[in-house]
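One letter stands for each residue in the lines below.
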Amino acid sequence: MFAYAVRRILQFIPTILAISLIMFMLLNVLPGNAAMMAMDSRKAKDPEMIEQLKKRWGLDKPLYVRYLLYLKDLAHGDLGRSFIRGDEVGALVAARIWPTLKLAFTAMAIAVILGIPLGFFSALKQGTWLDTASMVGAVSGVSVPQFWLGLLLMYFFAVQFRLLPPSGYGDGDIAHLILPSVTLGVGYTALLARTTRAAVIEVLNTDYIRTARAKGLSELLINRKHVLRNTLILVMTTAGLQFGFLIGQTVIVEKLFSWPGLGSLLVDSIFMRDIPVTQGCILVIISVFLLVNLAVDLLYAFVDPRIEYS
Amino acid sequence: MKNLIRKIKGRTNLMIGGIIAAIVVVMAVFAPFLAPYHPVNDANLMFSEEPPGDPFWMGTDQQGRDILSRVIYGARISLAVGLICQILNTSIGVILGLTAGFFGKWWDDLVMGLTNIMLSIPPLIFALAIMAILGPGLVNVFLALGLTNWSFSCRITRSQVLFTRGLDYVKAAKALGYGRIRIMFTQILPNIVGPILVVATLGVADAILLEAALSFLGLGTQPPTPSWGGMLSSAREQLFTAPWISIFPGLAIFITVLGLNLFGDGLRDILDPHTTRSGKA
């Protein structure tokens, strides 16, 4: 078990290295590369000045040297310096992590609390109106564009009924958190409900459930002891994988609600053509996603006694 | 054939989804005949922010353009994005998956490694990274989204190939002396088209949602071209005075994506009852 945990944690390193390489190459090699963009945005036309800027940002060195230097800095927790603002990327990003995490985890909590029971009961009551209604709701939840749902919620709860603030972070209070996290949570709730329903149906068709029924165990006991536990293992893996879906969507929700998180920093930096900040945001967002998956995998090892990890 | 018709009849989701998809296609193809006004040129500031009613059934936007006409024309962008991006995604995914499953060895390891890395990057984030370099614009959206979601078709193709590879008809083809490329494309591919088609249909819905999101953020289709996501990007400022600007384009995205998802689900129930959808944009 301990060996498995160590191995799983060590696997994290090559993945994040590969992602950093892909992102670095993508953002620095393609036609409109980082340096040209930054200079363009500074309206620097003077060739001497361009040379000077290149030297200051280390852009005069060959690409692989730049990547290695980038990695070296990364290992020291240094994400580089913004081309436009001159600030440390690390500091810019650090200030935005907490609002994004708060938003994402609240949305996830909403989804887990609503989605899993919904999927569970509709699977148990297959074919009834409850099942139909919740599955229609789930496919709608997956299909609804979040920025539109957010606009509607904003219109009804902030403009019409004036119950909640329309946007912004406030002083970090709950009132400001409700609309963005509900907007973000709806799609994930729908996904979890669908996944749970499919998982429960799969478990219900297994031999051990048939055996349990044949033994004469009560439905309640079967559901609680056999179905629920076996389903949760399946649901947890998918939930972890689909957390990426949620993290990706924070960008839209943050932009819509003027939420001061990583997503809005990312979009702003793309518009300002500030490559180091863009790169830093992307790397941190993906790392959060990978860390959640890692946590799920480790949790999985505790919950599921069947799998051997040696 | 009769069997197929019976199967389709029993599937409400396939029917509803198919009807919705057909309506969107009709809207896109016949937009100039269906739209009462021109989506861009018929701007009239005299009719700025008119509420829904006669003659503007969905109201007008800030520049006095008819929202209904813009929604009808917007179907063209969404459909084009959905189809072109998904053709790109599916081609990349199928070729990589087919060769990985068939040749195996180091190529398989490489492709699977790449697929797993792609799966660990949220699609919207990857698309944003590409847009950051290419800059805003519709053509760049095609490229960005076409390179974003191929991992799903790659995985499904590979797993299907691994299963099919050992079947008798493939062995027979080998015994007959068919070349490897010929076996791949004439023997294996036609037999695994079902699951690939399901993933592709659901992918069209994802691509439409992603384009709408990029346009909403201001990185996708640029104004004044009418795209559903783009129409919503400026709608927030007018939410207090003209909420209808926000309602109709979003409804169009929602219904279209819902239709495609229902259609994809129905198709999956018929074509391959065993796979479930895992991970989504």
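What counts and what doesn't
Residues numbered from 1 in each chain as written. Chains lettered and ligands numbered in written order. Predicted model: local features only at pLDDT ≥ 70, side-chain atom pairs only at ≥ 80, totals over all residues. Heavy atoms only, no water. Helix = DSSP H or I, 4+ residues; strand = E, 2+ residues; numbered from the N terminus. Buried < 20%, exposed > 50% of the residue type's maximum accessible area, 1.4 Å probe, protein only. Contact = heavy atoms within 4.5 Å. Areas by Shrake-Rupley, 256 points an atom, 1.4 Å probe, with all protein chains shown as cover. Lys, Arg positive; Asp, Glu negative; His and termini not counted. Charge placed at Lys NZ, Arg CZ, Asp CG, Glu CD. Phe/Tyr/Trp six-rings, centres within 6.5 Å; stacked < 30°, edge-to-face > 60°. Lys NZ or Arg CZ within 6 Å of the ring centre and 35° of its normal. Patch = residues over 30% accessible without salt bridge, like charges linked within 9 Å, V, L, I, M, F, W, Y side chains within 5 Å. Salt bridge = Lys/Arg side-chain N within 4 Å of Asp/Glu carboxyl O. Buried area = accessible area lost by both parts, 1.4 Å probe. Polar contact = N/O pair within 3.5 Å; in protein donor to acceptor, adjacent residues only side chain to side chain. Nonpolar A, V, L, I, M, F, W, Y, C, P; charged D, E, K, R; others polar. Expected span 1.5 Å × (residues − 1). Arc of directions from axis to C-beta. Bend = angle between axes of the 7 residues up to and from the residue. pLDDT = per-residue confidence, 0-100.

**Student:** I'd like a rundown of the overall build of chain B, residues and numbers included.
**Tutor:** Looking only at helices and strands, chain B has 13 helices and zero strands in total. Seen in sequence order, chain B has helices and strands lined up from the N terminus as α-α-α-α-α-α-α-α-α-α-α-α-α. Summarising its shape, the C-alpha atoms of chain B cover approximately 75 × 50 × 25 Å along the three principal directions. When the 281 residues of chain B are sorted by exposure, 56% land in the buried category. Contacts spanning at least 24 positions in sequence make up 72% of the contacts within chain B whose residues lie at least 6 apart. Taken as a whole, chain B presents about 12200 Å² of accessible surface, with 67% of it coming from carbon and sulfur. The positive charge centre, built from 20 side chains, and the negative charge centre, built from 15, are 18 Å apart in chain B.

**Student:** Go over the overall build of chain A, please, and point to the residues and values.
**Tutor:** A tally of helices and strands in chain A yields 13 helices and zero strands. Counting from the amino terminus, chain A carries its helices and strands in the arrangement α-α-α-α-α-α-α-α-α-α-α-α-α. Within chain A, the proportion of its 310 residues that are buried is 50%. Accessible area of chain A: about 14600 Å², with a carbon and sulfur share of 66%.

**Student:** So what's going on with the packing of aromatic side chains? Residues and values would help.
**Tutor:** Overall, the coordinates contain 12 aromatic pairs over all chains when judged by the stated rule. Both rings, one in Phe-120 of chain A and one in Phe-121 of chain A, keep their centres 5.8 Å apart while their planes meet at 85 degrees; by these two values the pair is edge-to-face. Under the relative-accessibility criterion, Phe-120 of chain A is labelled buried at 9%. Here the aromatic rings of Phe-147 of chain A and Phe-216 of chain B are separated by 4.5 Å at their centres, their planes lie at 10 degrees, and the arrangement is stacked. Of this pair, Phe-147 of chain A sits in helix 7 (residues 146-160) while Phe-216 of chain B sits in helix 11 (residues 193-216), placing the two residues on different chains. Pairwise contacts between aromatic rings join Phe-24, Tyr-67 and Tyr-70 of chain A into one cluster. When the ring centre of Tyr-178 of chain B is taken as origin, the NZ or CZ atom of Arg-182 of chain B, which lies over that ring, is 3.8 Å away.

**Student:** Summarise a nonpolar patch on the surface; cite the residues concerned and give the values.
**Tutor:** All names here are of chain B. Residues Val-25, Val-26, Val-29, Phe-30, Phe-33 and Leu-34 make up a contiguous nonpolar surface patch of roughly 570 Å² in combined accessible area. Sorting the residues of the nonpolar patch by element identifies helix 2 (12-29) and helix 3 (31-34) as the ones contributing at least two each. Tallying contributions element by element places helix 2 first for the nonpolar patch, with three residues. Among the structural elements, Val-25 can be located in helix 2.

**Student:** Tell me about the pattern of salt bridges, residues and numbers included.
**Tutor:** Following the criterion strictly, the structure yields six salt bridges over all chains and no others. Measuring nitrogen to oxygen at the nearest pair gives 3.2 Å for the salt bridge that ties Asp-265 of chain B to Arg-194 of chain A. Of the two residues, Asp-265 of chain B is situated in helix 13 (residues 244-271) and Arg-194 of chain A in helix 8 (residues 174-204); the pairing between them involves two chains. Across the pair, Arg-194 of chain A and Asp-265 of chain B agree in class, each one buried.

**Student:** Would you mind going over the interface of chain A and chain B in detail, with residue names and values included?
**Tutor:** How large an interface is tends to be reported as the accessible area lost when its parts come together. The interface is formed by 51 residues belonging to chain A together with 46 residues belonging to chain B. Roughly 4200 Å² of surface becomes buried between chain A and chain B when both sides are summed, with 80% attributable to carbon and sulfur atoms. When the area that chain A buries against chain B is broken down by residue, the three leading residues are Phe-147, Trp-148 and Leu-151 of chain A, summing to 15%. Applying the counting rule to chain A against chain B returns one salt bridge. Remark: the boundary between chain A and chain B carries four residue pairs in polar contact (both at pLDDT 80 or more). Broken down by secondary-structure element, the contributors of at least two residues to the side of chain A that touches chain B are helix 1 (2-29), helix 6 (129-143), helix 7, helix 8, helix 11 (243-256), helix 12 (262-271) and helix 13 (275-303) of chain A. The greatest single-element share of the side of chain A that touches chain B, amounting to nine residues, is contributed by helix 11 of chain A. Taken together, the residues of the side of chain A that touches chain B sort by class into 37 nonpolar, 11 polar and three charged.

**Student:** Can you break down the environment of Gln-126 of chain A residue by residue, with the values?
**Tutor:** Residues and elements named next belong to chain A. With respect to the element layout, Gln-126 can be found in the loop between helix 5 (89-124) and helix 6. A C-alpha to C-alpha distance of 41 Å links Gln-126 and Phe-2, two positions 124 residues apart in sequence. Setting aside residues up to four positions removed in sequence, Gln-126 forms contacts with Asp-131, Arg-197 and Ile-201.

**Student:** Which residues make up the side chain of Ser-122 of chain A, and what values do they have?
**Tutor:** Residues and elements named next belong to chain A. Mapped onto the fold, Ser-122 is located in helix 5. Overall, the relative accessible area of 0% leaves Ser-122 in the buried class. Side-chain polar atoms of Ser-122 contact the backbone oxygen of Leu-118, separated by 2.6 Å. With residues up to four places along the chain from it excluded, the contact list for Ser-122 reads Leu-130, Asp-131, Ser-134, Met-135 and Arg-197.

**Student:** I'd like a description of helix 4 (residues 63-75) of chain A, backed by residues and values.
**Tutor:** Residues and elements named next belong to chain A. Taking 1.5 Å per residue, 13 residues should reach 18 Å; helix 4 reaches 18 Å between its end C-alpha atoms and fits that length. Residues of helix 4 that are buried include every one of Arg-66, Tyr-67 and Tyr-70, and no others. Each buried residue of helix 4 lies within a common arc of 100 degrees when the element is viewed along its axis, so the set occupies one face. Away from its buried face, by an angle of more than 90 degrees, helix 4 presents the exposed residues Tyr-64 and Ala-75. One or two residues past the end of helix 4 sits Gly-77, with phi positive at roughly 75 degrees.

**Student:** Just give me the short version of helix 11 of chain A, but keep the residues and values in it.
**Tutor:** Residues and elements named next belong to chain A. Taking 1.5 Å as the rise per residue, helix 11 with 14 residues should run 20 Å; its terminal C-alpha atoms sit 20 Å apart, in good agreement. Considering bend angle alone, the principal kink of helix 11 is centred on Gln-249 and spans about 30 degrees. Of all 14 residues in helix 11, 13 are buried, a share of seventy percent or more. Trailing helix 11 by a residue or two, Ser-258 shows a phi angle of about 50 degrees, which is positive.

**Student:** Can you break down the confidence of the model for chain B residue by residue, with the values?
**Tutor:** Residues and elements named next belong to chain B. Taken over all residues, the pLDDT of chain B has a mean of 84, while the share at 70 or more is 93%. The secondary-structure element of chain B with the lowest mean pLDDT is helix 1 (residues 2-9), recorded at 67, while helix 4 (residues 67-103) shows the highest, at 91. In this model, residues 275-281 is a region of pLDDT below 50 whose contacts with residues beyond four sequence positions or in other chains number 27 contacts. With a pTM of 0.86, the predicted complex shows an ipTM of 0.83.

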